[in-house]
Amino acid sequence: MSRTIRTLSVVLGLLLVLAGCSGSDTNWNAKNIRGLMPELEFQLTATDGEPFTPEDRAGQVRLLFFGFTNCPDICPATMARLQNAVKQMPEAMRDEVTLLFVSVDPERDTPERIGEYVDFFGDNIVGLTSDEATLRELAKRYRTTFGYGKPDEDGNYDVSHSSAVYVFDGQARARLLIRSDQSISQISEDLETLVRQGRD
Amino acid sequence: MSWYHYLLPYDFSPLTLIAFVVVLTMYLQGLYALPAEERPGVLRVFTFLLGLLLCYTVMHTRFDYYSQYMFFIHRGQHLVLHHLGPLLMVLSNPLPIMRFWARQLPGWLDPVLWPVKMVYRVLQQPLIAATLFVGLIYLWLTPELHFDAMLSRPLYWVMNWSMLLDGLLFWWLILDPRSPHTERVLGYGKRIILLVLIIPPQSALGAWILFSDSMVYDVYEVCGRAWPMAPETDQMLGGVLTWIPPAMMSGIAILIVIGRMMRDDRNSAKAQQARDAEEVHA
């Protein structure tokens, strides 16, 4: 019986270690996804119609976000929040953050249209899209999905997509997952820490 | 999407494919090689293949996509991997096939297999087995870890495989076709006690999920759902699937064990009568 109890405690101990592994030294406001997700890697089309890869902004902290330009609430709100968070950072750091807005609605969102949309929010945003298959692969890589609702009589339809923002550091490693309930200053704080870590 | 897309894996895992193909091949080859009197009947073969097919379907077809983006379907996936699938495979009594393959093992493998056997023996201690069975459900439903498992591809596969392997271990312990009267396997009473013991913790977890006011598993919010469904509904259905069917499975398994117990009693009573009769004649 004592052997059973000993083995039992070893098993439980292992389980606890496994459950506690996600801890880290930095206290992030966002969810720490270091090691959970693969590096930032894709080839999409930028708003000028040219191919774009993450290396085009190598060394920068990159924020990946899925959406579509007809998006009524989540996308504009998220874009505005992220932009405000960047504005709250010290001026010298703002240039080291790039937002990657990936439209998952290639049917309606042409590169030009995405260009107009992202320009409205600021100049550190790169608007991106591709064909549906490529977008599905990218979404799958980051464990998310998107779907299209039924079109109404005017042909308008809703697009369901992830509300999360994936943050990658200067070396393209997955670092943080920003959820929609985080405040602007919390996001700003995290981004500042990341940029500072990249400089060290 | 064409119909065959639903049969293709959403997330292709070579290891998973190989594992299922190897098990299927070994089962069929063993079946073919066995002498007719040892060979399991059609119903048993069907039961085994059904269990195997169910596990493969929820793990490695389009079903997996919906499991990743809907909480209640994820609960259904684990119900198959941890309960229904392994239970069917074990219930089919694949013992003759396993013995056939054990006979094929070369002798030099014995020292290599020794640690595996030791781990197996430890894991099959009744209390450890029951704790592991319930513990794994709790572990992967820890909100923090659940979030990580849904974000990390390797962790996700570890989760699903651990559920399937533990399911096979536990149900084998419970529904081991060998009789405790003649072989060193767990007694019927203990099997029933384990089956009863695992009900309350599973029900408590399911009820907790079902009656939670807030969203316990928000990863499905963050990563998007497979189709628009109210998060509360998704979580509620998930809670029900964690609560009710596992309790029913325990109930069914208890009936099966009682049935075997009675059959064993009848058999040993008959044997006793035969012995008595012989003594009288002598």
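## A short note on the pattern of salt bridges
Then, in step 1: Across all of its chains, the model carries 15 salt bridges over all chains by this definition.
Then, in step 2: Arg143(A) serves as the salt-bridge partner of Asp11(B), at 3.6 Å between the closest nitrogen and oxygen. You can see Asp11(B) sitting in the segment before helix H1 (14-33) and its partner Arg143(A) sitting in the loop between helix H5 (132-141) and strand S7 (147-148), one on each of two chains. This pair shows no difference in class: Asp11(B) is buried, exactly as Arg143(A) is.
Then, in step 3: With a closest N to O distance of 2.8 Å, Arg178(B) and Asp176(B) form a salt bridge.
Then, in step 4: A single network of salt bridges, built from pairs that share partners, joins Arg143(A), Asp11(B) and Arg153(B).

## Digging into H5(A)
Residues and elements named next belong to chain A.
Then, in step 1: For H5, the full list of buried residues reads Leu135, Leu138 and Ala139. The arc enclosing the buried residues of H5, seen along the axis, measures out at 100 degrees, which places them on a common side.
Then, in step 2: Looking at the buried positions of H5, the neighbouring elements they touch are strand S2 (44-46), strand S4 (61-67), strand S5 (97-103) and strand S6 (125-129).
Then, in step 3: A positive phi of about 50 degrees marks Arg143, the residue just after H5.

## Digging into the interface of chain A and chain B
Then, in step 1: Taken together, the contact between chain A and chain B spans 27 residues of the former and 27 residues of the latter.
Then, in step 2: Taken over both partners, the interface formed by chain A and chain B buries close to 2400 Å², and the fraction arising from carbon and sulfur atoms is 61%.
Then, in step 3: A per-residue breakdown of the area chain A buries against chain B is headed by Leu36(A), Arg143(A) and Thr145(A), which together make up 29% of the total.
Then, in step 4: Counting every contact that joins chain A to chain B gives three salt bridges.
Then, in step 5: Here chain A is connected to chain B by 11 residue pairs in polar contact (both at pLDDT 80 or more).
Then, in step 6: Among the elements that take part in the side of chain A that touches chain B, helix H1 (residues 2-20) of chain A stands out by supplying eight residues, more than any other.

## Some remarks on the packing of helix H7 (residues 126-140) of chain B against helix H11 (residues 199-211) of chain B
Residues and elements named next belong to chain B.
Then, in step 1: Where H7 contacts H11, the axes come no closer than 10 Å and their chain directions differ by 10 degrees. Considered as vectors, H7 and H11 are oriented roughly parallel to each other. Helix-helix and strand crossings are classified by hand; for H7 and H11 the assignment is left-handed. Residue-level contacts link Phe133, Val134, Ile137 and Tyr138 of H7 to Pro201, Gln202, Ala204 and Leu205 of H11.
Then, in step 2: Class assignment for the residues of the contact of H7 with H11 results in seven nonpolar, one polar and no charged.

Quick notes on the rules
- Residues numbered from 1 in each chain as written.
- Chains lettered and ligands numbered in written order.
- Predicted model: local features only at pLDDT ≥ 70, side-chain atom pairs only at ≥ 80, totals over all residues.
- Heavy atoms only, no water.
- Salt bridge = Lys/Arg side-chain N within 4 Å of Asp/Glu carboxyl O.
- Helix = DSSP H or I, 4+ residues; strand = E, 2+ residues; numbered from the N terminus.
- Buried < 20%, exposed > 50% of the residue type's maximum accessible area, 1.4 Å probe, protein only.
- Arc of directions from axis to C-beta.
- Contact = heavy atoms within 4.5 Å.
- Buried area = accessible area lost by both parts, 1.4 Å probe.
- Polar contact = N/O pair within 3.5 Å; in protein donor to acceptor, adjacent residues only side chain to side chain.
- Axes fitted to C-alpha atoms, helices over the stretch in contact; angles between N-to-C directions.
- Parallel < 35°, antiparallel > 145°, perpendicular 65-115°, else oblique.
- Left-handed = near helix turned anticlockwise from the far one by under 90°.
- Nonpolar A, V, L, I, M, F, W, Y, C, P; charged D, E, K, R; others polar.

It is worth stressing that arrangement in space is one thing and function is another; only the former is reported here.
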